[in-house]
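Structure assessment
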Amino acid sequence: MTSDSERNVWLERWQVDDLPVLERSNTPEMTVYLGGPESDQQIVTRHAKFLHLWETGDARMFRIRSSSVAEPVGSVGYWKKRWRDRDVYETGWSVHSAHQAHGIASTALSECLQHAADNGERDQVFAFPRTDNAASNALCARTGFTLVGEADFEYPKGHPIRVNEWMFDLTARRANSLPAQP
């Protein structure tokens, strides 16, 4: 049997018709570490925000596609953030339950990081999964992030949580993608 990671996984720019991608991610099991499901209006607002932030250049959100299914299987992206007095990116992802544990998230996050390295002006990307979110913390480690430590965070806004602070150095990715010098 071929795993999804051995099939083609790619990212596409977030589009106006991607609201169902967010709706499929808005389940109790998919949002257990994110404060639970959002209301229909919150999902519509998040979708509009994804579109708007792409237009302003403040974020790059993508739908995740896999050759194994017709519809998008999740989302991933990065956005500008001020963290510890530095301008960095933050990243986040969501792969629908039926497509988890097949390597899709690793491939999509890696592609997202490459996009940030190739197109972004900031040198570091941070991810902040809750300390008890084993799958997301393992994904960070597997994708090449460095665990910096723990931090207090709010997500959703007004709800304090404890997170692991993972950092990815885009300068190393950029250096590896430069053409060889003669």
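Data block above holds the structure.
None of these values were measured; they are calculated from a predicted model.

**Some thoughts on the pattern of salt bridges**
- Tallied over the full model, the rule gives 16 salt bridges.
- Of the charged contacts in the structure, one is a salt bridge between D18 and R63, with a shortest N-O distance of 2.8 Å. With D18 in the loop between β1 (9-13) and α1 (19-25) and R63 in strand β2 (residues 59-66), the pair connects residues that are 45 residues apart, well separated along the chain. Across the pair, R63 and D18 agree in class, each one buried.
- When the shortest N-O distance is used, the salt bridge between R82 and D87 registers 3.0 Å.
- Judged by its relative accessible area of 44%, D87 is partly exposed.
- Residues joined by salt bridges that share partners form a network here, namely E12, D17, D18, R63 and R65.

**So, the packing of aromatic side chains**
- Counted under the stated rule, the structure contains eight aromatic pairs.
- On the numbers, 6.0 Å between centres and 10 degrees between planes, the contact of F126 with F128 is stacked.
- Judged by relative accessible area, which is 1%, F126 ranks as buried.
- When its relative accessible area of 10% is taken as the criterion, F128 is described as buried.
- Connected via pairs of aromatic rings, a cluster forms that spans W83, F126, F128 and F153.
- Over the aromatic face of W54 sits the side chain of R60, whose NZ or CZ is 4.4 Å from the ring centroid.
- A cation over a ring is seen here: R122 above Y89, with NZ or CZ 5.7 Å from the ring centre.

Parameters and conventions
- Residues numbered from 1 in each chain as written.
- Predicted model: local features only at pLDDT ≥ 70, side-chain atom pairs only at ≥ 80, totals over all residues.
- Heavy atoms only, no water.
- Salt bridge = Lys/Arg side-chain N within 4 Å of Asp/Glu carboxyl O.
- Helix = DSSP H or I, 4+ residues; strand = E, 2+ residues; numbered from the N terminus.
- Buried < 20%, exposed > 50% of the residue type's maximum accessible area, 1.4 Å probe, protein only.
- Phe/Tyr/Trp six-rings, centres within 6.5 Å; stacked < 30°, edge-to-face > 60°.
- Lys NZ or Arg CZ within 6 Å of the ring centre and 35° of its normal.

By themselves, these are just geometric observations and shouldn't be taken as functional.
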